[in-house]
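Observations on chain architecture
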Amino acid sequence: MEPAVQVSELVKRYPGRPTNAVDGISFTVARGEVFGLLGPNGAGKTTTIGVLTTRVLPTSGTASVAGVDVAADPVTARSRLSVVPQRPNLDRALTARQNLVFHAAYHGIGRADRNRRADALLEQLGLADRGNDKVDNYSGGLAQRLLIARALMHAPQVIFLDEPSTGLDPQARLFVWDRVRELRDGGVTVVLTTHDMDEAAALTDRVGIVDHGRLLALDTPAALTRSLPGSATLDVDVEPAAGDTDDDVLTALSALPAAERVEPVADAGGLRARIYLSGDAAALVGPVADTLTARRARLSGVRIGEPSLEDVFLSLTGRELR
Ligand SMILES: Nc1ncnc2c1ncn2[C@@H]1O[C@H](COP(=O)(O)OP(=O)(O)OP(=O)(O)O)[C@@H](O)[C@H]1O
């Protein structure tokens, strides 16, 4: 089946700029997928979305959405896609409902149909009792919901969300996440940008890590974190048996085949050994317990530290995500 989004060797250089904002990015998004672009501010995420949604002309390379080349046929492309922009661009003088209905009229949807869809989407986004309020009275969280409702009015095949939960409180953020999952379950392809690794890990099927206009890695969040050698950790609190020293215990733990490195954690109030490994830290709990039992040491605490997408970004760039 044809992919929902196809980007090939995409380059964008803004006039007068010394470097490319997007510097040769290629990826495809399958139909029904939630795909994320994760990167710090200025990485080129918004520009990539801008090209895909026909708002930015590429310098070179190609991009297509739902089978339509966005540069060659922007009008058809726009009928098949929607965008929820980073900054709300609602008409604040109109009511929520009017914003929806006018958007649908622009897309050529008939009167009965657009009224019906507006009602259904206001309901779906939890705005049914606020539909006749002026958008001027909306909070940031409500405006974001209305932007999503508006984006769905012309039943797009692909929806682009640029930083969908930036600036939202935790509750509003979870609401948006649930709506994104609903969209995916309804067969809509979702492409979102974020600089929040938790959002990328929680929502996306696959995530591309971007920095300085380049795609540095692309895979499922789980595969990206698994790919990081020695970044999972298992902390164990140990009371050595009489006559056994801390060093004896650390040496014994270092001998475990899965342990890549073992270090004592300072200021733990006793012996805490941090075991670095690749892969699943939980699988090492049993062998650690066996090793300690054999030395008649007491295991008094266990803590698993999973690597995050932040760690992946750090290992790829040497910098923090933000
Ligand atoms: N209209 C423009 N004219 C000139 N330069 C631009 C324009 N828009 C973006 N840039 C520059 O292009 C680079 C990429 O910006 P872009 O907005 O695509 O990044 P981003 O990853 O989406 O970051 P943010 O989350 O801040 O939007 C930045 O250096 C930015 O300053």
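The structure displayed is predicted, hence computed values, not measured ones.

Calculation criteria
Here the residue index of a chain counts from 1 through its sequence in written order. With the structure being a predicted model, the display of local features is reserved for residues of pLDDT at least 70 and the display and counting of side-chain atom pairs for 80 or more, all residues being used for whole-chain, interface and lining totals. Axis angles are defined between N-to-C directions and span 0 to 180 degrees, where every axis is a line fitted to C-alpha atoms and, for a helix, only to the segment in contact. Helical segments are the DSSP runs of H or I of at least four residues, strand segments are the runs of E of at least two, and each set is numbered from the N terminus. Angle categories: roughly parallel below 35 degrees, roughly antiparallel above 145, roughly perpendicular from 65 to 115, and oblique for all the rest. By convention the crossing between two helices is left-handed if the near helix lies anticlockwise of the far one by an angle smaller than a right angle, and right-handed if it lies clockwise. It is the C-beta atoms, placed from the backbone, that decide contacts: two residues are in contact if theirs lie within 7 Å. Following the grouping adopted for this structure description, the nonpolar residues are Ala, Val, Leu, Ile, Met, Phe, Trp, Tyr, Cys and Pro, the charged ones are Asp, Glu, Lys and Arg, and the polar ones are all others, Gly among them. Strands qualify as paired when DSSP identifies two bridges or more between them. Where each domain begins and ends is defined by an automated method or by a domain database. UniProt positions are given in the numbering used here, feature names are shortened, and annotations may be inferred rather than shown by experiment. For this analysis, nonpolar core means a set of buried Ala, Val, Leu, Ile, Met, Phe, Trp, Tyr and Cys residues linked through C-beta atoms within 7 Å. Here a residue counts as buried when 20 or more other C-beta atoms sit within 10 Å of its C-beta, as exposed when there are 12 or fewer, and as partly exposed otherwise, the C-beta atoms being derived from the backbone.

We now examine the packing of helix α3 (residues 96–106) against helix α5 (residues 140–152). For the pair α3 and α5, interaxial distance at closest approach is 9 Å and the crossing angle is 25°. The angle between the axes of α3 and α5 places the two elements in the roughly parallel class. You can see that α3 and α5 cross each other, and the crossing is right-handed. Residues Ala96, Asn99, Leu100 and His103 of α3 pack against Leu146, Ala149 and Arg150 of α5. Per-class residue counts for the contact of α3 with α5 are four nonpolar, two polar and one charged.

As a further point, take the sheet that holds strand β1 (residues 5–12). Spatially, the four strands line up as an open sheet ordered β2-β1-β4-β5, and their pairing is antiparallel. Every interior strand has two partners, whereas the edge strands, β2 (22–29) and β5 (68–69), have only one. Bridge analysis of strand β4 (residues 60–65) against β5 gives two bridges, and the strand direction is antiparallel. Looking across to β5, one finds that valine 65 is bridged to valine 68. In the packing of helix α1 (residues 45–52) onto the sheet, contacts are made with β1, β2 and β4, and the angle to β1 comes to roughly 120°.

The domains assigned to the chain are domain 1 (5–226) and domain 2 (232–306). When each unit is reduced to the centre of its C-alpha atoms, the spacing between domain 1 and domain 2 is 46 Å.

The residues that UniProt annotates with the feature "domain: ABC transporter" (unreviewed entry) are residues 5–237. The annotated region residues 5–237 carries 35% helix and 27% strand content, and the separation between its end C-alpha atoms amounts to 49 Å.

With that settled, the discussion passes to the nonpolar core. Core analysis: the biggest nonpolar cluster contains 66 residues, and Val65, Ala149, Val158, Ile159, Phe160 and Val190 have the highest contact counts within it. Top contributing element to this core by residue count: α5, with six residues. Not counting residues up to four positions away in its chain, the partners in contact with valine 158 are Ala4, Val5, Val65, Ala66, Arg80, Leu81, Thr189 and Val191. With 16 residues, the next largest nonpolar core counts Val238, Leu253, Leu277 and Leu292 among its residues.

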